[in-house]
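Next come the chains, spelled out residue by residue.
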Amino acid sequence: SAYWTAWVMWASFNQVIETRAAGMEYKKVAAAVIDGRTTDTCNTVDGQIQPLDQPFILRGTPRYADKMMMPPFHAYCRTGVALVLE
């Protein structure tokens, strides 16, 4: 249910950005919590910038898939997403 809730929130947020940002190009950036518990996946995706409609490219383990639109990328994932204006 947490994944579904996050997906609904991302879709709603994406719609707001598209309607309010006419002429402005927003992208998303992955921001991982970096400490002793950070996984290989989150270390490699941290700082990756992608267009809103493109997935993040994931490497390392653990991960649910090779490409995902938004976190969580694995169980107990602590990576978030922020918007950046290009």
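For the structure, check the block above.
Residues numbered from 1 in each chain as written. Predicted model: local features only at pLDDT ≥ 70, side-chain atom pairs only at ≥ 80, totals over all residues. Heavy atoms only, no water.

Novice: Residue-level account of the packing of aromatic side chains, with values.
Specialist: Evaluated as defined, the whole model comprises one aromatic pair. Look at Phe 56 and Phe 73: their rings are 5.9 Å apart centre to centre, the planes differ by 75 degrees, and that puts the pair in the edge-to-face class. Separated by 17 residues along the polypeptide, Phe 56 in strand β3 (residues 56–57) and Phe 73 in the loop between β4 (67–68) and β5 (80–85) bring together distant segments of the chain. No difference in accessibility class separates Phe 56 from Phe 73, as the two residues are buried. (Phe/Tyr/Trp six-rings, centres within 6.5 Å; stacked < 30°, edge-to-face > 60°. Helix = DSSP H or I, 4+ residues; strand = E, 2+ residues; numbered from the N terminus. Buried < 20%, exposed > 50% of the residue type's maximum accessible area, 1.4 Å probe, protein only.)

Novice: Give me the lowdown on the sheet that holds β5, citing residues and values where you can.
Specialist: The strand order across the open sheet formed by three strands is β2-β1-β5, and the pairing between neighbours is antiparallel. The strands lining the two open edges of the sheet, one partner per strand, are β2 (49–51) and β5. Neighbour to neighbour, the strand axes of the sheet diverge by 35 degrees on average, direction disregarded. With six bridges connecting them, strand β1 (residues 26–31) and β5 associate as antiparallel partners. The partner of Ala 30 across the bridge, within β5, is Val 81. (Pairing = 2+ DSSP bridges. Axes fitted to C-alpha atoms, helices over the stretch in contact; angles between N-to-C directions.)

Novice: Go over the layout of surface pockets, please, and point to the residues and values.
Specialist: In this structure, the largest pocket occupies an estimated 170 Å³ of space. Ala 6, Met 9, Trp 10, Phe 13, Met 70, Pro 71, Pro 72, Thr 79, Gly 80, Val 81, Ala 82 and Leu 83 together form the lining of the largest pocket. When residues of the lining of the largest pocket are traced back to their parent elements, those giving at least two are α1 (2–20) and β5. The residue inventory of the lining of the largest pocket, partitioned by class, reads ten nonpolar, two polar and no charged. (1 Å grid on protein atoms, 1.4 Å probe; cavity = no way out; pocket = protein on both sides within 12 Å on 5 of 7 lines; lining within 4 Å. Points joined across faces, edges and corners; volume = space filled by probe spheres on them. Nonpolar A, V, L, I, M, F, W, Y, C, P; charged D, E, K, R; others polar.)

Note that every value here comes from positions in space, so none of it alone points to a role or purpose.
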